[in-house]
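If you want the building blocks of each chain, they are given just below.
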Amino acid sequence: MSDAEWAVVRPLLPVPGWLRGRGGQPEAYCHRAMLDAIRYLVDNGTKWRAMPADFPPWDRVYAFFRRWRNHDLVREFHDRLRRLVRERAGRDSEPGAGVIDSQSVKADAVVGSDSRGFDGGRLINGRKRHVVVDTLGLLLAVMVTAADVGDRAAAQVLLTQVTAAHHLLALVWADGGYTGSLVEYCLAALALVLAIVKRSDDMRGFVVLPKR
């Protein structure tokens, strides 16, 4: 991270227990170095043990990552960053509208058959990521399934999680793959309007649609 990025990130980081008088051993490495190391690993797809010597020891970085993952601090940190970005853009910290969509991606040969499937619509054998974002494109929730899981079935689970976490969310735009009983379910069970934005019959190829 640059110094400017760190100045934004630092106040939003979860505070360790030992800094709040709750005991525990003080951490030996700066959070900035730890976050940079994790970002490097994710960006380059390296193994933990292949962490360059410029960063703290790999086992210390992994322990930091594992602690954040197990205590859901990654989500907490991300949500704080999203709220800050929304406020700086002149929006409310919590979104009132969003967009849902999915994308099927090919799975590598090492991915087991129990977590992959065939998406007949897109002709892809692999996994599918289901994503809900706000109107700025900032992530609200993501779920990964086998590619043969239908959009409506996954959306029912994902939108239930999103509305539980974001109580002001009242409207979500979606494509034609989310029509049917899901629209009624969202309104009756979640008090959420699922607005379907369809392509017109005379469209050919990729066209950017409103609210999508």
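Predicted model, so just to flag it, every value in this text is computed and none were measured.

Chemist: Which parts of the structure should I look at to understand the packing of aromatic side chains?
Modeler: Aromatic ring pairs: the centre-centre distance and the angle between the two ring planes describe each pair. In this structure the tally under the stated criterion is six aromatic pairs. Ring centres of Tyr-62 and Phe-65 lie 6.3 Å apart, and the angle between their planes is 40°; on these two criteria the pair is classed as tilted. Taken together, the residues span about one helical turn, with Tyr-62 and Phe-65 both in helix α3 (residues 58-70) at a distance of three residues. The exposure class of Tyr-62 is partly exposed, given its relative accessible area of 25%. Phe-65 sits in the partly exposed class, given a relative accessible area of 24%. Ring geometry for Trp-68 versus Phe-77: centroids 5.7 Å apart, planes at 80°, classification edge-to-face. Residue Trp-68 is classed as buried on the basis of its relative accessible area, which comes to 6%. The structure contains a cluster of three or more aromatic residues connected by ring pairs, namely Trp-48, Tyr-62 and Phe-65.

Chemist: Honestly, helix α6 (residues 181-190) in this entry has me stumped. Any pointers?
Modeler: Spacing of three or four residues puts side chains on the same side of an α-helix, whose turn is 3.6 residues. Among the residues of α6, those classed as buried are Leu-182, Cys-186 and Leu-190. For α6, the angular spread of buried residues about the axis comes to 45°, placing them on one side. Exposed positions of α6 whose direction lies more than 90 degrees from the buried face are Ser-181, Leu-187 and Ala-188. For α6, the elements touching its buried residues are α5 (151-165) and β6 (193-196).

Reading the values: the criteria
Residues numbered from 1 in each chain as written. Predicted model: local features only at pLDDT ≥ 70, side-chain atom pairs only at ≥ 80, totals over all residues. Heavy atoms only, no water. Phe/Tyr/Trp six-rings, centres within 6.5 Å; stacked < 30°, edge-to-face > 60°. Helix = DSSP H or I, 4+ residues; strand = E, 2+ residues; numbered from the N terminus. Buried < 20%, exposed > 50% of the residue type's maximum accessible area, 1.4 Å probe, protein only. Arc of directions from axis to C-beta. Contact = heavy atoms within 4.5 Å.

Honestly, it's all geometry; don't read function into it.
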